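Inside the fold
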Amino acid sequence: MAGNPIPIPVKNLDEMILCIEDLRIAASKKLSDSARDFYNSGSTDQITIHENSTAYAKYRLRPRVLVDVSKVDTSTKCFGQQVKFPLGVSPAGLQAMAHPSGELATSRACARLGISMAISSFANYSAKEIRDAGKAIGPIRHAMQLYTMKDRDLELRIIQNAEAAGCSAIFLTADSPVLGMRYNEWRHDFRTPAGLAFPILERDSEKIRKTSHDDGFTSFNDDAHNWTRDIPWLRSVSQMEIWIKGVLTAEDTLKAVELGCDGIIVSNHGGRQLDGVASTIDALPECVEAAAGRIRVHVDGGIRAGTDVFKALALGAEHVWVGRPAIWGLAYDGQKGVDLMLDTLYNEFKRCMQLTGCNSVKDITKACLGVVRPDGPLARL
Ligand SMILES: Cc1cc2nc3c(=O)[nH]c(=O)nc-3n(C[C@H](O)[C@H](O)[C@H](O)COP(=O)(O)O)c2cc1C
Ligand SMILES: O=C(O)C(=O)c1ccccc1
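Position numbers for residues start from 1 in each chain and track the written sequence from start to end. As they are written, the chains are lettered A onward and the ligands numbered 1 onward, keeping that order. Local features in this predicted model are restricted to residues whose pLDDT is 70 or higher, and side-chain atom pairs enter the listing and the counts only when it is 80 or higher, whereas totals over whole chains, interfaces and linings include all residues. Think of the side-chain values as coming from all heavy atoms in the structure, minus any hydrogens and water.

Okay, the site of ligand 2 next. Here, proximity means that at least one heavy atom of the residue falls within 4 Å of the molecule or strand. For ligand 2, the full set of nearby residues is Phe38, Phe122, Tyr147, Arg182, His213, His269 and Arg272. Within the side chain of His213, an N or O atom sits 3.4 Å from an oxygen atom of ligand 2. In this description, accessible areas are obtained by the Shrake-Rupley approach with a 1.4 Å probe, and a residue is regarded as covered only by the protein chains that are shown. Here ligand 2 loses 93% of its free accessible area of 290 Å² to cover by the protein chains. Residues are grouped as follows: Ala, Val, Leu, Ile, Met, Phe, Trp, Tyr, Cys and Pro are nonpolar; Asp, Glu, Lys and Arg are charged; all remaining types, including Gly, are polar. Residue composition of the shell around ligand 2, grouped by class: three nonpolar, two polar and two charged. Throughout this description, a polar contact denotes any pair of N or O atoms lying within 3.5 Å of each other; where both atoms belong to protein, one of them has to be capable of donating a hydrogen while the other can accept it, and for residues adjacent in sequence the pair is counted only when both atoms sit in side chains.

Another aspect to go through is the pattern of salt bridges. One speaks of a salt bridge when a side-chain nitrogen belonging to Lys or Arg is within 4 Å of a carboxyl oxygen belonging to Asp or Glu. Tallied over the full model, the rule gives 17 salt bridges. Between Arg112 and Asp343 there is a salt bridge, with the nearest N and O atoms lying 2.9 Å from each other. Here Arg112, found in helix H4 (residues 102-113), pairs with Asp343, found in helix H14 (residues 324-356); they are 231 residues apart in sequence, far enough to count as distant. According to the relative accessible area criterion, Arg112 is partly exposed, its value standing at 39%. Take Asp343: its relative accessible area is 23%, and that puts it in the partly exposed class. For Glu241, the salt bridge identified is with Arg296, shortest N-O distance 3.4 Å. By the criteria applied, helices consist of DSSP H or I runs no shorter than four residues and strands consist of E runs no shorter than two, each listed in order from the N terminus. For the exposure calls, accessible area comes from a 1.4 Å probe over protein chains only, and a residue counts as buried if that area is under 20% of its type's maximum, exposed if over 50%, partly exposed in between.

Moving on: the packing of helix H1 (residues 20-30) against H14. Axes here refer to lines fitted to C-alpha atoms; in helices the fit is confined to the stretch in contact. Angles between the N-to-C directions go from 0 to 180 degrees. The interhelical angle for the contact between H1 and H14, taken along N-to-C directions, is 170°, at an axis separation of 10 Å. By the angle between their directions, the pair H1 and H14 is classed as roughly antiparallel. In this structure, H1 contributes Ile20, Leu23, Arg24, Ala26, Ala27, Ser28 and Lys30 to the contact, and H14 contributes Pro325, Trp328, Gly329, Ala331, Tyr332, Gly337, Leu340, Met341, Thr344 and Leu345. Its residues placed into classes, the contact of H1 with H14 shows 11 nonpolar, four polar and two charged. When an angle is under 35 degrees it counts as roughly parallel; over 145 it counts as roughly antiparallel; between 65 and 115 it counts as roughly perpendicular; any other value is oblique. Contact definition: two residues touch when any of their heavy atoms are within 4.5 Å.

Mapped onto the secondary structure, Glu155 falls in helix H6 (residues 152-165). The class of Glu155 is buried, set by a relative accessible area of 0%. In contact with Glu155, not counting residues within four places along its chain, are Leu146, Tyr147, Thr148, Met149, Trp233 and Leu234.

Taken together, the neighbourhood of ligand 1 is formed by 22 residues, with Pro91, Ser120, Thr173, Asp300 and Arg304 sitting nearest. In the model, an oxygen atom of ligand 1 is placed 2.7 Å from a nitrogen or oxygen of the Asp300 side chain. One of the backbone N or O atoms of Gly302 is found 2.9 Å from an oxygen atom in ligand 1. Taking 610 Å² as the accessible area of ligand 1 by itself, protein coverage stands at 97%. Along the lines of polarity and charge, the residues of the shell around ligand 1 split into six nonpolar, 11 polar and five charged.

The next thing to look at is the sheet that holds strand S14 (residues 369-372). Across a sheet, paired strands are connected by hydrogen bonds in the backbone, their directions being either parallel or antiparallel. What the three strands build is an open sheet, ordered S1-S14-S15; its pairing is antiparallel. Of all the strands in the sheet, just strand S1 (59-61) and strand S15 (378-380) have a single pairing partner and so form its edges. Averaged over neighbouring strand pairs, the angle between their axes works out to 45° when direction is ignored. Note: S1 against S14, three bridges, orientation antiparallel. If you follow Leu61 over to S14, its bridge partner there is Leu369. In the packing of helix H13 (residues 306-314) onto the sheet, the strands contacted are S1 and S14, and the crossing angle to S1 comes to about 100°. The pairing criterion for strands is at least two bridges between them, as found by DSSP.

Residues forming no salt bridge and having over 30% relative accessible area are the ones grouped into patches, like charges within 9 Å of each other and nonpolar side chains (Val, Leu, Ile, Met, Phe, Trp, Tyr) within 5 Å. Together, Met181, Tyr183 and Trp186 make up an exposed nonpolar region whose accessible area comes to about 280 Å². Tracing the backbone through its elements, the reader meets Met181 in the loop between strand S7 (169-173) and helix H7 (183-187). When its relative accessible area of 41% is taken as the criterion, Met181 is described as partly exposed.

Along any regular strand the residues' side chains alternate between the sheet's two faces. Residues His319 and Trp321 line one face of strand S13 (residues 319-322) and the alternating positions Val320 and Val322 line the opposite face, and both faces are buried. Of the strand pairs in this sheet, strand S4 (residues 87-89) and S13 are connected by three bridges, and their pairing is parallel. Bridge pairing links Val89 to Val322 in S13. Once you follow strand S12 (residues 296-300) into H13 and on to S13, the crossover reads as right-handed. The crossover handedness rule: strands pointing away from the viewer, path from first strand over the helix to second strand clockwise, crossover right-handed.

The following block contains the structure:
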C-alpha cells in the first residue's frame, strides 16, 4: 500500500518478555554458541526433547464456568512445606556459566516466591552457600541431586554436607549411568569455562576443563549403580527423603515403592539422556497408576506454560519442576530473570485454575482434561 505507515507507539518488542518462549529467545541471544547448545540441546536426534513440550498440546482443557474463583488457592506442599504453587526448579549444573550469581540467584528467586529448588552436584556454589542465599530471602526447601559415584567417600561427603546445610531430600539421578549421545555438545567440544568452582564435587574448572564433559562425567560416575546396592545404603547414611529422578515406567515405580523411597520424579533428563523415550507427560499416567498413592509422583521436562503445570497435575502429578526456563532466566538477567520466569508461570497457572473453575489444586483432576481424536469430538480421559 502507498503512503507512510502510521507510527504506532509500541514498546521495543525484542524486550517484551511475556511468556517462556519470549524468555528462551531473548536469553539464547545472550549466550555463546557453545553455552547455548549445551543448555538448550537434547541428545541424538532431539526427538524426546521436542516431544517433551509438544506432547502437552494434545490435551484440551474442560473448564467449568460460573464458579466463584475470587479466592483461588494455588498453594500445595513440597517436602512437607507449604509452597506458593506446585512448581520447583530442577537440578541443572553449571548455572554460573549463564550468570555469575548462578545457583545463588536461582535460590533467591525460589525463596522470594516460596517454592523449592534442587541443587545439582555440578553446581558452582556449595549447598550451604545456595541454601543460605535462599534462606535470607524467605522459607525455602532444597533437594540435593546426587549421582552414584565411583568415589563413595566423596558421595558420602556430598550427602553429609547437604544434610548439614539443611537440605530436605536427595534426588538420586537414576537415568545417567553414562551420558546420552550429545552430538550438539560434542560438535563444539563443549568445555566448562575457566574460573568456575565446583565445590560440591571438590574440583575447580581448571581440572574439569581438561577433559570433555563426557569424559569428565565418566571418570567419576559409577555405571555399576543399582537399586539394591544404592538405595539401602542411602537410607543407612542419611535422614533426608530419598527421591528417584528419571523414572519413566510402571516397573521402576514399583521398584521405588518396594525399596521404600519417598517419591519419584518422572523425568527423561530434559531429553538429554536416551533419545527416543516417551515424553514425560506421556510416561506419567503409567507411573501414577503403579504408584497407587503409596509414593509421591512429581514430573519434569518440557513444562513451558502454566497450562502445562495444570495438565501434569490433572494427569496425577502432585508437583512439577522446570530446568531450562531457570537457566534462561539467569542468562537473561540473573535473579531478576528467574523472578520473571517464575512470576510468568505462577500467573499463567493461577489464571488457568480460575478459567477452569478450580479453586484449589485438589480440584485439578482428570475430569479437567480431554483429548481430541482424529475426526472425533472431545473425548474424556
Ligand atoms: C543444562 C542442564 C544441566 C542439567 N544438569 C543436571 C544435573 O546436574 N543433574 C540432573 O539430575 N539433571 C540435570 N539436568 C536435567 C534437569 O534436572 C531436568 O530433568 C530437565 O532440565 C527438565 O527438563 P526441562 O529443561 O525441559 O524443564 C540438566 C538439564 C539441563 C538443561
Ligand atoms: O548435562 C546434563 O544434563 C547433566 O546432567 C550435567 C552433568 C554434569 C555437569 C553438568 C550437567
